Amino acid sequence: VSKQTVYKHFGSKEELFVAIIEATVGDVMDELFERVGSPQDRRGGLEEELLTTGRRLIVLVMQPELLALRRLMTGEASRFPRLGEVWWQGGPARLAAGLAERLQRAVDDGELALDDPRLAAEQLQWLILSIPLNRAMLCPGQAYTTVELHKYADAGVRAFLAAHRPR
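Trainee: Just to check I follow, could you spell out the packing of helix H4 (residues 64-76) against helix H6 (residues 117-138) for this structure?
Mentor: Between two packed helices, what matters for the description is the angle formed by their axes and the separation of those axes. As a packed pair, H4 and H6 sit with axes 10 Å apart at the nearest point and diverge in direction by 70°. In terms of axis orientation, H4 runs roughly perpendicular to H6. Regarding H4 and H6, the two cross each other, and that crossing is right-handed. Here Leu67, Arg70, Arg71 and Thr74 of H4 come into contact with H6, specifically with Leu133, Ala136 and Met137. Taken together, the residues that form the contact of H4 with H6 break down as four nonpolar, one polar and two charged.

Structural data, given as structure tokens:
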């Protein structure tokens, strides 16, 4: 299509980029939640659920196309602040909200001891993703195998559980 058609539909470069970010991040989070399933569909205990979620999250987030989009979005967020907000709300904030609900149930059931499930959910995300995501963002040629990614996810979940299991 012509540039004029694109701008007629989206209005601006920023609106086009926002639409791409919303669709991409939404698709990734939809896939994560769909694979994990609803709470009533889940089998196993808290640790198994978090390990499964962590492994799926890290594999999805570390897709080369998503990393490339993340780099581009990060570079453009200062010029187009709405991009960062769309990325945050559609990805990390949405995931934190879902995890916080699960963590609150674990607190209610006596499986975890924590005061702020939302903060704990955000910390859990970072424990799972921080090392490979930071390295991949700063060293674009860095590649990880699924086994390596699972190792990072498992270590993050186990560190989180060690810190928050009731004494």
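Trainee: Looking at this structure, how should I read the environment of Met29?
Mentor: Structurally, Met29 is set in helix H2 (residues 13-36). Under the relative-accessibility criterion, Met29 is labelled buried at 5%. Not counting residues up to four positions away in its chain, the partners in contact with Met29 are Leu57, Gly90, Gly91, Arg94 and Leu95.

Trainee: Would you explain the environment of Glu31 in this entry?
Mentor: One can find Glu31 in helix H2. Separated by 26 residues in sequence, Glu31 and Leu57 place their C-alpha atoms 9.4 Å apart.

What counts and what doesn't
Residues numbered from 1 in each chain as written. Predicted model: local features only at pLDDT ≥ 70, side-chain atom pairs only at ≥ 80, totals over all residues. Heavy atoms only, no water. Axes fitted to C-alpha atoms, helices over the stretch in contact; angles between N-to-C directions. Helix = DSSP H or I, 4+ residues; strand = E, 2+ residues; numbered from the N terminus. Parallel < 35°, antiparallel > 145°, perpendicular 65-115°, else oblique. Left-handed = near helix turned anticlockwise from the far one by under 90°. Contact = heavy atoms within 4.5 Å. Nonpolar A, V, L, I, M, F, W, Y, C, P; charged D, E, K, R; others polar. Buried < 20%, exposed > 50% of the residue type's maximum accessible area, 1.4 Å probe, protein only.

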